[in-house]
Each structure stands twice: as structure tokens, then as C-alpha cells.
Amino acid sequence: MATTAEQPDATVSGVDIHLERLCKTYPGGHGVAVDDVSMDIPAGEIVIFVGPSGCGKTTTMKMINRLIEPTSGTITIGGQDTLSLDPDKLRRTIGYAIQQAGLFPHMTVAQNVGMVPSLLGWSKQRIAARVEEMLELVGLDAGEFRDRYPRRLSGGQQQRVGVARALAADPPVLLMDEPFGAVDPITRGNLQDELMRLQTELRKTIVFVTHDFDEAVKLGDRIAVLGPRSTILQYDTPDAILAKPSCDTVAGFIGAGASLKQLTLKRVRDVQLTEEAITARCDETPDEIRRQLEERGRSFALVLDDRDRPQRWVHVGQLAGVATLAEAGKPITDWVTTQSTLQDALEAILAEGGSAVVTKERGRYAGTIDIHTVMDTISHLRETHDSTPAAAPNSASADGPA
Amino acid sequence: MTAAGAGTLTAAPASGTGAGDAALRRAEAIRLWFQPVVAAALVAAMLIWVGVGNFDEIEAQTANFPSIGRLALEHIELSLMITVIVLLVAVPLGTALTRRWGKPAAPLFLAIANIGQAAPSIGVLVLFYLAVYQAGWSSFWISVLPIALYALLPVLRNTILGIQSVDAALLEAGRGIGMSRPLVLARLELPLAVPFILAGLRTSLVLAVGSATLATFVGGGGFGEMIDTGYKLSRTPVLVIGAVLAMALALLIDWLGGLAERWIGPKGLR
């Protein structure tokens, strides 16, 4: 077995990827698909390849796991030259998630997720345990979903299983090819949040291909804006690209409203959460909660389940005459995670009225965020942006490209 | 029509099934219990006739239980062997013709199989007999091989079609997570082509059972012998019993094929 095949078990975080003078030429006059691309992808970061369709971003990504063989140039993953490895064994050490998940329709969720571990020769018990762990990780109940077939899943659930499958063998590197391209915008936003939450736990090296600049800004630690033949127009942090696009093409690709997009760069974890809400467990008695609320002169309490996950808001007036907290009040319909952007938080606040619940890893309660916090942040962002007018990408020259 | 039913093999969630699709499925469900009843009724009627019928001496020589039992056995043996040959040849061949190295040869083999089916089976049978009878082949094999060629096309074509219809993105997903090419074939392409192959096999089976009645012309036995005898000696009861039993067997085999399509195909696609 190749040496890299053993590495994933030993390391939790990702490894760096280095592309060196990478070229891909197709024979028969189809020309150059990728022309002399060199790039360093730091360990544990999400790097987004973004660019118009047909710019060669997917080709570049597929050369990393050798689904497409480079014509010339080298790729090293964690210092190891990929061309020196057996392609099949190489791919088992690189997670791969694609659009519409690419789940095998004749295999159950468990078989799909357990595919790479079984290719690596893991024991049945170890695979079963891993499948359970992975489903839990992507927020699917193992008991409910393990034995389902993909077509009995929603698009979002399929995509989660796709991510679970990509992560099953704990690869240091994850390649994602427009993984959320085929789901509705709401599910898409949720999946993006989930990915960011996962990434804070796992710290993999993720190469993510998309043509959606907003998605790139939201997810990327770094963004590589690619032009024709995969040439790198700009490779920098989202903040830097939004503030100082390297050329008109990049500015055009960012589009209008760059300063608003910067708002989406602010995450809920970057602002001060309010932590004064009164919380109660499902199994506490309504009388006890009412006493607490009255003592502190408050009218609402937040009910958590046995794993600290927020469930419902309950008003002091609704506590009279109910036997258990599990049924009282109104369920929470919209909430955000610490990974969510302030834009998402604003939406949740509007939906919930006044303030929104924030959860941290595994859905546990973290605090609440209210409208004043968001407004303060907005005005602060505007002030800093106004003081650096040179960085504004909305110059007249940016209007050109469609 | 079966191919259309099995056509949604992609990873995408099953698109809503149209009303026409539902009607087809209901028709298929009715057929699944109706068909064996009809076949059993036909067999029972014929056997009762043989048991209580008033036959002359010549008729009684064939229209008796031991003789019918022997012919039935011969007919089933012929049909089974034809099916086994068809499966052993058509599935590997069809698979080979979808590989990168085999693709260029696909039109050639499909043309051969097409000719095999287009040519009248009795003609193929007799020509084959003339070609090999001096070599001392048994009449069983002389019957089986040409009929197998005749019944090859549906399985061959559906194997190719079934494998080709597997979503390319799915195969790339398989390769992308580290499945080797043979593994992609064994775990993805072939299992996903099973509904197509079974549909082709069902057609091939019916062709085989029907054509096996011709085996009698090269001495291969089967119900064709009763039909032939009854016709030549102008003994209508013998002819009718042979023909009806052959028909009932074909209905039964087709029903078994339907059951197989229903229960053997990959679970996630049903």
C-alpha cells in the first residue's frame, strides 16, 4: 500500500497541495485547457477555484486526483509527488464530492458512505461504526438513513451523504466540484453553513470549484479567480479580492455591490453574542421555569433538548397549565450557527422577530444575536470601507464584462 | 418499453411517475397473476383431454402422459440450454463491446446478431444442420446453437444499452473515489444494467421457447414433434395438444421472466 494511504488515519488536519507549472493540452486541435498553472494551497484551508464556465477550473481540480492526467507539470500533496503513486490508491486518499452527489443509486446510504473504507480493506465493524459517525457528522440520523436508497432522499440529504462519503476514510484533502450547484438556494445556504461548521472541526485542505462568486466569498479562506486556460487572475483572501481586484476582469466577475458582499464575510462568531436568554431543559418542570422568569422579570425562555439543541421559545403566559416543556410555546423555525454570515443572521432575526438563536457545533445552543448587533457591524463596515476609496471595485471600468 | 421503464438510472431522485407509467405498471401487475392462471388452465385442459379423450391408435401413440412428459422435458431442456448459451455469450460480449477497446467492434457484432434474428429461424436451423450433420453432432446441439444465435440479439443489445445508459457522472464519481476500472464495471455498470439485461433475457426466453418447437425438424424433440406428427398424419388432437402446451410453456416462462425482472433487479431502482 502506498505511504499516503496510511497518512489519513494519523493526521486530523489537511496537508498542503502544490501545483507546479501544470499544463493540460488535448490532442486533435482542441487546444490548451490549462496553461502553466502554479499554485500553493496551504494545509487546512478552503481554496475556491472560481471562474466562468469553460475556464478550465474543473480540469485543474481533476488533475489533482488524476481523473485527468496532466500533460506536463507536477503536483505534490503533503510533499508527495502524485504522479509517482498508483492513481486508484491516490484517489482513495483524496475525498471527492461532485454536483448532484453522484451517489450510487443501487447502494444504500451506508454502502455509499462505506465505499472508500471498504476499498481500503477496513473491517466490517469499523466501517459500520465509521458510517454512523459520518452520518452524524453531516447531520443525518444514522438509524433513519443508513438503509435508505439515494432516491428516497431529498437533494440536500443526497448532498450531505455525498460529503459523508467523501470524508469517510478521513482523507487529508477534499476536492469538491460544484457540490451544491444542483440544490435550491435555501438548502444550498444550509449546506454551505454545514461545510463551514465541519471545516472548523476537521481542518481539511479543501479545493472547491464553483462559478458562483458569492459562494466563493462565503466559503473560501482564499479564492483563485481563474481566467481562460485556467490562468490565475488573482489568488488572495476574499477580503483582499473584494477590496482590491487585480484587474477589470476580476472586478467584473465580482459584480456590483462588493461592499454588501463584504458583509457576508462577517460571521456570527466575529460579533458579540447575547447570552442572557433564560434556558430550560425539556425535562424541567414548567413551574420551575415560570418561577425563574418571574424572578428575573423576563417573559421568554428558550427550551433546549437533552443535547443542548434549541427547540422552542416559550412565553411565561404559556407555562400555566402545561404538563411538560416539550409541548409548550412555539417551535424555532429559523436559526443561525456561529459559522453563518451576518446576512443570514439578519434574515433569521427578521423571521424570528427581534433576535435569532445561534448554535455552535453539533447544534448546541451558543447564544442569541439581535438586530442592534447587526446594525452596529454594518455601520462599522461602512466606515472602514469609506476610508479606503481606492479599494472600491465599482469603478466605471468594471461595467464592461457581462 | 421495458427499456423506457428502466431508463431512469441516474443518481437524481426519481422524477414523478406519469399516469401512463402507472397504467403500464398496473397492467404488468395484473399480467403477473393472470398469466400463470391462463397457462395452468391451458395445461390442465390438455392433460384432462389426454386422460379422458377418445383417441384412435395413432393418436394414442403420442397423446399419452409418458410421451408428453418426455417431450415437455426435452422442450424445457432445449429452452434452458439456449438461455444459458445466450447469457454466457451475450452478457460478456455486450460488456466487452462497451469497453473502450471493444467499442469499435460493436456495430459488427450487432449486425451479426441482427442478421441472426432477421433470418427465418427455421432457415438458420436447417442450414446449420446441413453444415454440421456429417460431423456427427448430436441433434440436441444442432438444435440449440442456431436457436441461440437467433435469440442472442435481445440480451446482447440490452446489455450494451444498459451499460451505456449508466450516468457517466456516476462512473466518474466511482473512479474519483478510487474504484479501479474492473471494480467500476463489477460494482456500478453491471448491477445498474441488470434491469435492461433481464428485460432482454425475457424476450430471448420467449423466442427460445417458441423456436424450440422447430427443433423437431433436425430431430431435436420437444413439443414440435407433436405438432409435426399431428400435422403430417392429419391428427388434429395431437397437433392441438402439442401447440397449446408449447404456448402454455411460453406463457409460463415469460411469467417467470417477469418475476425475475421484478425481484432480481437492484433494490434501489425499484
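First, a word on scope: everything that follows refers to the structure included in this document. (Residues numbered from 1 in each chain as written. Chains lettered and ligands numbered in written order. Predicted model: local features only at pLDDT ≥ 70, side-chain atom pairs only at ≥ 80, totals over all residues.)

### So, the overall build of chain A
Reasoning step 1: In terms of helices and strands, chain A carries 16 helices and 17 strands.
Reasoning step 2: Put simply, chain A has 402 residues, and 43% of those count as buried. (Helix = DSSP H or I, 4+ residues; strand = E, 2+ residues; numbered from the N terminus. Buried ≥ 20, exposed ≤ 12 C-beta atoms within 10 Å, placed from the backbone.)

### A few points about the overall build of chain B
Reasoning step 1: Each helix and strand in chain B was counted, giving 11 helices and zero strands.
Reasoning step 2: From first element to last, N terminus to C terminus, chain B shows the α and β order α-α-α-α-α-α-α-α-α-α-α.
Reasoning step 3: Classification of the 270 residues of chain B by burial places 39% in the buried group.
Reasoning step 4: Residue pairs at least 24 apart in sequence account for 77% of intrachain contacts in chain B once pairs closer than 6 positions are excluded. (Contact = placed C-beta atoms within 7 Å.)

### Focus on the sheet that holds strand E7 (residues 173–177) of chain A
All names here are of chain A.
Reasoning step 1: In space, the six strands of this open sheet follow the order E6-E7-E8-E3-E9-E10, with mixed pairing throughout. Across the chains shown, the open sheet's two edge strands, defined by having one partner strand only, are strand E6 (94–98) and strand E10 (232–236). The mean inter-strand angle of the sheet, taken between neighbouring strand axes irrespective of direction, is 15°.
Reasoning step 2: Each of strand E3 (46–50), E7, strand E8 (205–210) and strand E9 (222–226) is contacted by helix H2 (residues 57–64), which is oriented at about 155° to E8, the strand it contacts most. (Pairing = 2+ DSSP bridges. Axes fitted to C-alpha atoms, helices over the stretch in contact; angles between N-to-C directions.)

### Topic: unusual backbone geometry
Residues and elements named next belong to chain A.
Reasoning step 1: For arginine 203, which is not a glycine, the phi torsion comes out positive at approximately 50°.
Reasoning step 2: Within the secondary structure, arginine 203 sits in the loop between helix H9 (185–202) and E8.
Reasoning step 3: Since 16 C-beta atoms lie within 10 Å of it, arginine 203 is described here as partly exposed.

### A look at the sheet that holds strand E13 (residues 310–315) of chain A
All names here are of chain A.
Reasoning step 1: Strand order in the open sheet made by the four strands is E11-E12-E13-E14, with mixed pairing throughout. A single partner strand is all that each edge strand has here, and the edge strands are strand E11 (278–281) and strand E14 (330–331).
Reasoning step 2: Where E13 lies against E14, two bridges are found, and the strand directions are antiparallel. Its bridge partner lying in E14, tryptophan 313 is registered against lysine 330.

### Concerning the packing of helix H6 (residues 121–132) of chain B against helix H7 (residues 139–164) of chain B
In helix packing, the relevant descriptors are the interaxial angle and the interaxial distance, both defined with respect to the helix axes.
Residue and element names in this part refer to chain B.
Reasoning step 1: Taken N-terminus to C-terminus, the directions of H6 and H7 make an angle of 135°; their axes are 9 Å apart at the nearest point. Here H7 runs oblique to H6, going by the angle between their axes. Seen along the crossing, H6 lies across H7 with a hand that is right-handed. Touching Ser121, Val124, Leu125, Phe128, Tyr129 and Val132 of H6 are Ile142, Leu145, Pro146, Ile147, Leu149 and Tyr150, all from H7. (Parallel < 35°, antiparallel > 145°, perpendicular 65-115°, else oblique. Left-handed = near helix turned anticlockwise from the far one by under 90°.)

### So, the interface of chain A and chain B
Reasoning step 1: In this complex, chain A contributes 24 residues to the contact, which on the side of chain B involves 22 residues.
Reasoning step 2: Counting residues per element, the ones that place at least two in the side of chain A that touches chain B are helix H3 (87–92), E6, helix H5 (115–119) and helix H8 (155–167) of chain A.
Reasoning step 3: The dominant element in the side of chain A that touches chain B, judged by the number of residues it contributes, is H3(A), at four residues.
Reasoning step 4: Looking at the side of chain A that touches chain B residue by residue, the class counts come to 13 nonpolar, five polar and six charged. (Nonpolar A, V, L, I, M, F, W, Y, C, P; charged D, E, K, R; others polar.)

### Describing the nonpolar core
One broad trend across soluble globular proteins is that nonpolar side chains are buried collectively.
Reasoning step 1: Judged by nonpolar contacts, the single largest core of 137 residues is most densely connected at A:Ile48 and B:Leu152.
Reasoning step 2: Apart from residues lying up to four places away in sequence, A:Ile48 is in contact with A:Phe208, A:Thr210, A:Ala216, A:Leu219, A:Gly220, A:Ile223 and A:Ala224.
Reasoning step 3: A:Val268, A:Leu319, A:Leu342 and A:Ala348 belong to the second-largest nonpolar core, a separate cluster that totals 25 residues. (Core = buried A, V, L, I, M, F, W, Y, C linked by C-beta atoms within 7 Å.)

### Here we look at the environment of B:Asp56
Residues and elements named next belong to chain B.
Reasoning step 1: In this fold, aspartate 56 is placed in the loop between helix H2 (19–52) and helix H3 (57–62).
Reasoning step 2: With 10 C-beta atoms counted inside 10 Å, the residue aspartate 56 sits in the exposed group.
Reasoning step 3: Here the alpha-carbon distance between aspartate 56 and arginine 235, two residues 179 residues apart in the chain, equals 9.3 Å.

### Some remarks on helix H8 (residues 168–176) of chain B
For an α-helix the count is 3.6 residues per turn, leaving residues at separations of three or four pointing the same way.
Reasoning step 1: For H8(B), the full list of buried residues reads B:Leu170, B:Ala173, B:Gly174, B:Arg175 and B:Gly176.
Reasoning step 2: On its buried face, H8(B) sits against H3 and E6 of chain A together with helix H9 (181–211) of chain B.
Reasoning step 3: Downstream of H8(B) by a residue or two, B:Gly178 has a phi angle that is positive, lying close to 100°.

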